[in-house]
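Summary of structural features
Single-letter residue listing:
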Amino acid sequence: YQDRVYNTAIGIVQNAEDAEDVAQEVFIQVYRSIHSFKGESKLSTWLYRIATTRSLDLLRSRKSKKRFGFLQRLFGEDGNEPVYDLPDFYHPGIALDQKENAARLYKAIAQLPDNQKTAFTLHKIEDLSYQEVSEVMQTSLSAVESLMHRAKQNLKKILEKEVE
């Protein structure tokens, strides 16, 4: 499950070192709490849930710690002109010739709300079914369908703006 956990984490945090840290934390948590796994879902669903939660926790902690500094970097000193650009990253599942398009897509995914980002990453990047995504996110199937619909709409808007 190492690759699945890592790929889920990198899809959300979009940084190789952070994804490695998240994956390590996931397996430490699994080791410490395997006795609490009741088998009500598949082990992979449980692992995805932990990986998703840990990844989002990392993003939230960074946002809360660096909100002011981030906003300054995002909009510059005067607050009017966007200046922030996401760092380059590498996802092991993407061929080199697709790296530029993948980077554009991941940059757009990073702009989605957390719940849309999670649903999109699990379904489109990790290839989980909507049912599996609903189990990982502990929500209804219709909620996942709605999240995916909104995520696709938002990504389309973001990517169209970039082309203009």
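Conventions we followed
Residues numbered from 1 in each chain as written. Predicted model: local features only at pLDDT ≥ 70, side-chain atom pairs only at ≥ 80, totals over all residues. Heavy atoms only, no water. Helix = DSSP H or I, 4+ residues; strand = E, 2+ residues; numbered from the N terminus. Buried < 20%, exposed > 50% of the residue type's maximum accessible area, 1.4 Å probe, protein only. Contact = heavy atoms within 4.5 Å. Areas by Shrake-Rupley, 256 points an atom, 1.4 Å probe, with all protein chains shown as cover. Axes fitted to C-alpha atoms, helices over the stretch in contact; angles between N-to-C directions. Parallel < 35°, antiparallel > 145°, perpendicular 65-115°, else oblique. Left-handed = near helix turned anticlockwise from the far one by under 90°. Nonpolar A, V, L, I, M, F, W, Y, C, P; charged D, E, K, R; others polar. Expected span 1.5 Å × (residues − 1). Salt bridge = Lys/Arg side-chain N within 4 Å of Asp/Glu carboxyl O. Patch = residues over 30% accessible without salt bridge, like charges linked within 9 Å, V, L, I, M, F, W, Y side chains within 5 Å. Phe/Tyr/Trp six-rings, centres within 6.5 Å; stacked < 30°, edge-to-face > 60°.

A closer look at the overall build of the chain
Along the chain, the regular secondary structure elements total seven helices and zero strands. When the helices and strands of the chain are read in sequence order from the N terminus, they spell out α-α-α-α-α-α-α. Across the 164 residues in the chain, those meeting the buried criterion constitute 35%. Considering only intrachain contacts with a sequence separation of at least 6, the fraction spanning at least 24 residues in the chain is 57%. Surface summary for the chain: the accessible area is close to 10300 Å², and the carbon and sulfur share equals 50%.

Some details on the packing of helix H1 (residues 2–13) against helix H2 (residues 16–33)
When two helices pack together, their arrangement is given by the angle between their axes and by how far apart the axes lie. The contact between H1 and H2 brings their axes to 8 Å, and the two run at 130°. Compared by their axis directions, H1 and H2 come out oblique. Crossing handedness for the pair H1 and H2: right-handed. On H2, the residues touching Gln2, Val5, Tyr6, Ala9, Ile10 and Val13 of H1 are Ala16, Asp18, Ala19, Glu20, Val22, Ala23, Val26 and Phe27. Of the residues that constitute the contact of H1 with H2, the class distribution is eleven nonpolar, one polar and two charged.

Description of H1
With twelve residues, H1 extends 16 Å from end C-alpha to end C-alpha; this agrees with the ideal 16 Å at 1.5 Å per step. Within H1, nine of the twelve residues are buried, which leaves it mostly tucked inside the rest of the structure. Taken residue by residue, H1 has Val5, Tyr6, Asn7, Thr8, Ala9, Ile10, Gly11, Ile12 and Val13 as its buried positions. Looking at the residues trailing H1, positive phi occurs at glutamine 14, about 55°.

Side note on unusual backbone geometry
The residue glutamine 14 is not glycine, and still its phi comes out positive at about 55°. Relative to the elements of secondary structure, glutamine 14 occurs in the loop between H1 and H2. Overall, the relative accessible area of 10% leaves glutamine 14 in the buried class.

A closer look at the pattern of salt bridges
In the structure shown here, the tally under the stated rule is five salt bridges. Aspartate 114 serves as the salt-bridge partner of arginine 60, at 4.0 Å between the closest nitrogen and oxygen. Within this pair, whereas arginine 60 is found in helix H3 (residues 43–75), its partner aspartate 114 is found in helix H5 (residues 114–125), the two being separated by 54 residues in sequence. Residue classification places arginine 60 among the partly exposed positions, given a relative accessible area of 42%.

With respect to a nonpolar patch on the surface
Judged by side-chain polarity, Tyr1, Phe27, Ile34 and Leu43 come together as a nonpolar surface patch covering roughly 350 Å² of accessible area. In this structure, tyrosine 1 sits in the segment before H1.

Describing the packing of aromatic side chains
Counted by the stated rule, this structure contains one aromatic pair. Ring geometry for phenylalanine 37 and tryptophan 46: centres 5.0 Å apart, planes at 35°, overall tilted. Exposure remark for phenylalanine 37: the relative accessible area of 25% places this residue in the partly exposed category.

Regarding the environment of aspartate 57
The topology assignment puts aspartate 57 in helix H3. Owing to a relative accessible area of 38%, aspartate 57 belongs among the partly exposed residues under this scheme. For the pair formed by aspartate 57 and valine 22, sequence separation is 35 residues and the distance between their alpha carbons is 9.7 Å.

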